Every structure is written in structure tokens, then in C-alpha cells.
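An overview of the molecular structure
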Amino acid sequence: MENLTALKNIKFDIDVMGMDFFRNKPVIIAGPCCVEGYKVYRDIALKVKEAGASALRGGAFKVRTSPFEFQSMEYEELKIIKEVKQEVGLPVVSEVSDPRDVEKAADIIDIIQIGSRNMYNYSLLKEVSKTNIPVMLKRGMAASLKEWLYAAMYIIEGGNKKVMLCERGIRTFENTTKNTLDLNTVALIREEYNIPIIVDPSHGTGNRDLVYNISLASIFAGASGLMIEAHTNPDSSFSDKEQTISIETLKLIIDRINSLR
Ligand code: PEP
Ligand code: MN
């Protein structure tokens, strides 16, 4: 693909909290879909760390398809992330959807997530390209590989080379599962490009019973890491509970992946 050779040659040195993020490949990012208050988030963070994850997820600026679904309080949750990360000592991955929030979020968040619905938000891509914070770019739900890689190039060309991709499933005619996780593309990215590729088996399947097997399949396909929705009480999750696994299952996944090395 034209003009994408940079993605083969760049050395993606992604440092988080002063360390190479991919030193313990595959990396595991885990936590709730969204931040649900200080106590619950802190509790999940401690358990996720104990289970062996390398980073904590949790949405503050939630992008919801329906205006009738749970809506986050944004800056309140950002404050909670700040407190919890200081206490627990795990780096945090969280989504930013408005270019005007990037600067403020970049003071707190360790890896800025660009969500599927915003992969084509070029003003947001340009804004994060001006920061020095690692960015995890999720695949648009109907984006081709080429469109996705070009979106990554917007960030890289704008001056921020700390970019990783995240495959989270695409829309196909098959709607029994929430999305169709495109592991072909994961294997292809691993083969042809140098950019780290994370897989999100939670949004990729939409079904917590599938997350264990699909996590392993993603690693075998060549993923550099996983981002998994996990909760101390999955059924009480404010959002995406049907795809959220327990901490016990998370630990099984992490232990199994570690045993492969
Ligand atoms: C998320 O990871 O919190 C999320 C909203 O996922 P996506 O953008 O892939 O739908
Ligand atoms: Mn979610």
C-alpha cells in the first residue's frame, strides 16, 4: 500500500510510566467498560493488578451509540482515574473523543484510546498527534485495513510515533455475535508492519463466554496484547455487562498466556 512503508520501518518505542510498554509481550490491559465511581474502580484496579495485567482500562468520556444508555460524567471520572492510578500504580488506558479534552486528559491518562466511532475523526487524530502520549487507535467498525492504517499515519505524520492499533471487530452480515473479529488482519499486520496490534476480544465478540478462547486465538494470530473488559461483579457493570468477564476468568487467561512463553 502506497505511503505506508513508514509503518514497516518506524521503531515504535512506546514508553509508559518510564518503561517500554511491550517489554512483557503480550501485554494485557483489563478493567471495566467505564469508571463506576471511586470505590468500585479502585477495587477492580487492585484485582486486575493482582491478576497480572500490565494496564488498567476504564472509560471516562464514554461514547454511547444510544442517548438512552448510561452516559458518563466525564471530568468526574477523570478525577477518579487520577486517584486510583496513583494508589494502585497501574498505567491507565482511556478514551478521549473530543479534541478539546485531549490536553486535559493527557495529564492523567497514560494511553489515549481513540474509539471505533472516532477513527475517522481527523481533527481528533491531529490533536493527539501533537501530544507525546501513546495512542491506541481502535479500528472503525466498517473501516478497511487501508483506512485504518491511514488514520494511524495521521497521528505519526503529525509528530507522535507512539501509536498502537486495536482490532475490535468489524460489521459483517453475521450478527449473531456483536462484531466479527478480524484475526486475518491481525496476522497480516504482524507479518507486514512493525506497528503493535492489540486485540479487544470483549467488543470483538460481545459475549463473555467467548472471551477466553478468542483471547488465546488472538495471541496465536500474532496480537501484541489484549484489551479485556473485566469487573469484580460483571453483572453489575454499568455498560457492556454481557461481554464483561470476572477477575477469575481474567486470571485464567493471563496465566494461560504466560504459560505459552
Ligand atoms: C471501548 O473500548 O470502551 C469502546 C467503546 O470500544 P469501541 O470504540 O471499540 O466500540
Ligand atoms: Mn465497552
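Going by the structure above, here's the rest.
Residues numbered from 1 in each chain as written. Chains lettered and ligands numbered in written order. Predicted model: local features only at pLDDT ≥ 70, side-chain atom pairs only at ≥ 80, totals over all residues. Heavy atoms only, no water.

**A few points about the overall build of the chain**
Each helix and strand counted, the chain has ten helices and eleven strands in total. Since a compact globule built from 261 residues should have a radius of gyration of about 18 Å, the 17 Å found for the chain is in line with a globular shape. When the 261 residues of the chain are sorted by exposure, 56% land in the buried category. When contacts within the chain are restricted to residue pairs at least 6 apart in sequence, long-range pairs at least 24 apart make up 70% of them. Accessible surface, the chain: about 11500 Å² in total, of which carbon and sulfur atoms supply 49%. In the chain, 33 side chains carry a positive charge and 35 a negative one; their mean positions are 2 Å apart. (Helix = DSSP H or I, 4+ residues; strand = E, 2+ residues; numbered from the N terminus. Rg over C-alpha atoms; globule rule 2.2 N^0.38 Å. Buried < 20%, exposed > 50% of the residue type's maximum accessible area, 1.4 Å probe, protein only. Contact = heavy atoms within 4.5 Å. Areas by Shrake-Rupley, 256 points an atom, 1.4 Å probe, with all protein chains shown as cover. Lys, Arg positive; Asp, Glu negative; His and termini not counted. Charge placed at Lys NZ, Arg CZ, Asp CG, Glu CD.)

**Considering the packing of aromatic side chains**
Following the criterion strictly, the structure yields three aromatic pairs and no others. Ring geometry for F21 versus F22: centroids 5.2 Å apart, planes at 80°, classification edge-to-face. Each member of the pair, F21 together with F22, is buried. Centre to centre, the rings of F61 and Y75 are 5.5 Å apart; their planes meet at 85°, and the pair counts as edge-to-face. Residue F61 is located in the loop between strand 4 (55-57) and helix 3 (75-88), and its partner Y75 is located in helix 3; the two are separated by 14 residues in the primary sequence. On the basis of relative accessible area, F61 is assigned to the buried category, the value being 2%. The aromatic ring of Y193 is capped on one face by K8, whose charged end is 5.0 Å from the ring centroid. (Phe/Tyr/Trp six-rings, centres within 6.5 Å; stacked < 30°, edge-to-face > 60°. Lys NZ or Arg CZ within 6 Å of the ring centre and 35° of its normal.)

**Brief notes about the side chain of K62**
As for its position among the elements, K62 is in the loop between strand 4 and helix 3. Although buried, K62 forms no salt bridge, and the nearest oppositely charged side chain, E229, lies 5.1 Å from it. For K62, the side chain forms a polar contact with the main-chain oxygen of C33, separated by 3.3 Å. Not counting residues up to four positions away in its chain, the partners in contact with K62 are C33, C34, R57 and S72. (Salt bridge = Lys/Arg side-chain N within 4 Å of Asp/Glu carboxyl O. Polar contact = N/O pair within 3.5 Å; in protein donor to acceptor, adjacent residues only side chain to side chain.)

**A word on helix 6 (residues 145-157)**
An ideal rise of 1.5 Å per residue puts 18 Å on 13 residues; helix 6 measures up with 18 Å between its terminal C-alpha atoms. Taken together, the buried positions of helix 6 are occupied by L145, W148, L149, A151, A152, M153, I155 and I156. (Expected span 1.5 Å × (residues − 1).)

**Examining unusual backbone geometry**
A cis geometry characterises the amide bond from K25 onward to P26, with omega recorded as -10°. Mapped onto the secondary structure, P26 falls in the loop between strand 2 (19-20) and strand 3 (27-31). Of note in the backbone geometry, D240 takes a positive phi value of approximately 55° without being a glycine. Turning to its location among the elements, D240 is positioned in the loop between strand 10 (225-231) and strand 11 (245-246). By relative accessible area, D240 is classed as buried at 13%.

**Remarks on the nonpolar core**
By size, the foremost hydrophobic cluster in this structure holds 84 residues, and its most contacted members are F21 and L250. Counting residues per element, this core draws most heavily on helix 6, at eight residues. (Core = buried A, V, L, I, M, F, W, Y, C linked by side-chain atoms within 4.5 Å.)

**Quick word on the coordination of the manganese ion (ligand 2)**
Summarising the metal site, the manganese ion (ligand 2) is bound by the protein donors C33 (SG), H203 (NE2), E229 (OE) and D240 (OD), whose distances to it range over 2.0 to 2.4 Å. Motif for the manganese ion (ligand 2), donor spacing along one chain: C-x169-H-x25-E-x10-D. Here the residue H203 occupies a position in helix 8 (residues 201-205), and E229 occupies one in strand 10, the gap between them amounting to 26 residues. Of the two residues, H203 and E229, both sit in the buried class. (Donors = N, O, S within 2.8 Å, 3.2 Å for Na, K, Ca; no water.)

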